[in-house]
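# Examining the three-dimensional arrangement
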Amino acid sequence: MDEAALARKKALRQAFSAFATGVTVVTARDAGGRPVGFTANSFTSVSLDPPLLLVCPGKTSSNFATFSMADHFAVNILSAGQQEVSHRFATPVTNRFAGLAWHAGPEGLPLIDGAAATFACVRHQLVDAGDHVILIGEVLDSMTTGAEPLVFSRGRYRELASTMPEGGIRVGVVALHEGRVLLRRTAEGTWELPLGPVQPLFGHARNGCETELAKAGAAVTITHPYSIYDDGEKGESRFFFMAELEPFAALPADMALFAPDDLPPDLTRDPGMRDVLLRHGREHRKGRYGVYVARGQAPGSVSHMTGGSERWPDIFQPDSYLREGMPK
Ligand SMILES: Cc1cc2nc3c(=O)[nH]c(=O)nc-3n(C[C@H](O)[C@H](O)[C@H](O)COP(=O)(O)O)c2cc1C
């Protein structure tokens, strides 16, 4: 094939790959009864009545003879997390089923455990199509687990957004009143720092936290950041702020104030929040406060700075100091 033809083939392959698909493993038994299979994303549902589907085995596949002659074959739609299974059935391995969790379905067809769906088929028609064939099967039996599917697009495995950790930002406060810290009692009976709802943007997360506390009867004024980190397990970025508790008549029933160096024994088990509380107690004793900023999942650092705060212009306004010059 000359260079221009190769380039055209590559461009066509790339254009085809823009069509996002699921990933299947097509299986059968070879002449010796051994399970065989290959990864295929050429699967298409074809007809409900009669129930038909198709896959396109390539003519260069080492298992082509088996699949083009098999009376029966199965299609396993892989679920999110079965990327390794897809890889295994697309690369040359002597026995692709070794160590794999699978079971024999109708006609002894190999069905892969944990698949999102499986179809046991009898061959309906084989259509010649260039360097592949179109293998149409009539579905004898099908099963679906409700597991989210694995997705393949532009040469990469992907997962649907619904299977990814939700992600978002939560703002919490170390709110002080006469030097004591405001804690909230959880349903489990432990004490934790007030934490607002998960929001996609920081401003919304901050407003959410302030509004929730104000509604509960413990209005706070946020002053400066205290601890910023990602909680990988919960898929949340957490921003803890120092805050002042506004004057109140009575605290909400589930809230109480504690001296920073005399926290209740039944403290939250949440490691990030525990660190905020314990570090605050230590800094209170030393009289020197810092801001903790994490580095991804690696340990972060605490930076110390002098106290005080000053009002700052709206950096997103056209007359911002970024154009007009630094405020005095
Ligand atoms: C995501 C993905 C989709 C694939 N789709 C097909 C397909 O539809 N038809 C096909 O013949 N090969 C497809 N392949 C390639 C085969 O899986 C691979 O060439 C085959 O397993 C080679 O091994 P074999 O020669 O032992 O069959 C695909 C590979 C991957 C990774």
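Read on for a plain summary of the structure.

Rules of the game
- Residues numbered from 1 in each chain as written.
- Predicted model: local features only at pLDDT ≥ 70, side-chain atom pairs only at ≥ 80, totals over all residues.
- Heavy atoms only, no water.
- Helix = DSSP H or I, 4+ residues; strand = E, 2+ residues; numbered from the N terminus.
- Rg over C-alpha atoms; globule rule 2.2 N^0.38 Å.
- Buried < 20%, exposed > 50% of the residue type's maximum accessible area, 1.4 Å probe, protein only.
- Contact = heavy atoms within 4.5 Å.
- Areas by Shrake-Rupley, 256 points an atom, 1.4 Å probe, with all protein chains shown as cover.
- Pairing = 2+ DSSP bridges.
- Axes fitted to C-alpha atoms, helices over the stretch in contact; angles between N-to-C directions.
- Phe/Tyr/Trp six-rings, centres within 6.5 Å; stacked < 30°, edge-to-face > 60°.
- Near = heavy atom within 4 Å.
- Polar contact = N/O pair within 3.5 Å; in protein donor to acceptor, adjacent residues only side chain to side chain.
- Nonpolar A, V, L, I, M, F, W, Y, C, P; charged D, E, K, R; others polar.

## A short note on the overall build of the protein
- When its secondary structure is counted, the protein shows 6 helices and 20 strands.
- For 328 residues, the compact-globule formula gives about 20 Å, and the C-alpha radius of gyration of the protein, at 30 Å, lies well above that figure.
- Its C-alpha atoms give the protein principal-axis dimensions of about 85 × 55 × 40 Å.
- Looking at the protein as a whole, 38% of its 328 residues qualify as buried.
- Counting only contacts in the protein whose residues sit at least 6 apart along the sequence, the fraction spanning at least 24 positions is 61%.
- Per element, the accessible surface of the protein, about 19100 Å² overall, is 54% carbon and sulfur.

## What about the sheet that holds strand β9 (residues 117-129)?
- Spatially, the 7 strands line up as an open sheet ordered β3-β2-β6-β9-β10-β5-β4, and their pairing is antiparallel. In the strand order of this sheet, the two ends are held by β3 (35-40) and β4 (44-47), each with one partner. Sheet twist, expressed as the average angle between the axes of neighbouring strands with direction ignored, equals 35°.
- Where β4 meets strand β5 (residues 52-55), 3 bridges bridge the pair, whose relative direction is antiparallel. Of the residues in β5, the one forming a bridge with Ser47 is Leu52.

## Side note on the packing of aromatic side chains
- Throughout the structure, instances matching the rule amount to 9 aromatic pairs.
- With a centroid separation of 5.0 Å and an interplanar angle of 70°, the aromatic rings of Trp191 and Phe258 are classed as edge-to-face. Pair noted here: Trp191 is in strand β15 (residues 191-192) and Phe258 is in strand β18 (residues 255-258), with a separation of 67 residues, a long-range link. Per residue, the accessibility class of Trp191 equals that of Phe258, and both read buried.
- On the basis of an interplanar angle of 35° and a centroid distance of 5.4 Å, the ring pair of Phe202 and Phe239 is categorised as tilted. You can see Phe202 sitting in helix α4 (residues 202-216) and its partner Phe239 sitting in strand β17 (residues 236-245), a full 37 residues away along the chain.
- Residue class for Phe202 comes out partly exposed when judged on its relative accessible area of 31%.

## What about the site of the ligand?
- Taken together, the neighbourhood of the ligand is formed by 17 residues, with Thr39, Ser42, Gly58, Ser61 and Ser62 sitting nearest.
- Within the backbone of Phe89, one N or O atom sits 2.9 Å away from an oxygen atom of the ligand.
- Here the ligand loses 77% of its free accessible area of 630 Å² to cover by the protein chains.
- Looking at the shell around the ligand, the element that brings in the most residues is β3, giving 3 residues.
- Looking at the shell around the ligand residue by residue, the classes come out as 8 nonpolar, 8 polar and 1 charged.

## Considering the sheet that holds strand β1 (residues 21-22)
- Pairing is antiparallel across the open sheet formed by 3 strands, whose spatial order is β1-β11-β12. The open sheet has two free edges, formed respectively by β1 and β12 (156-159), since each of these has just one partner strand.
- One ladder, built from 4 bridges, connects strand β11 (residues 150-153) with β12; its direction is antiparallel. Along β12, the bridge assignment pairs Val151 with Arg158.

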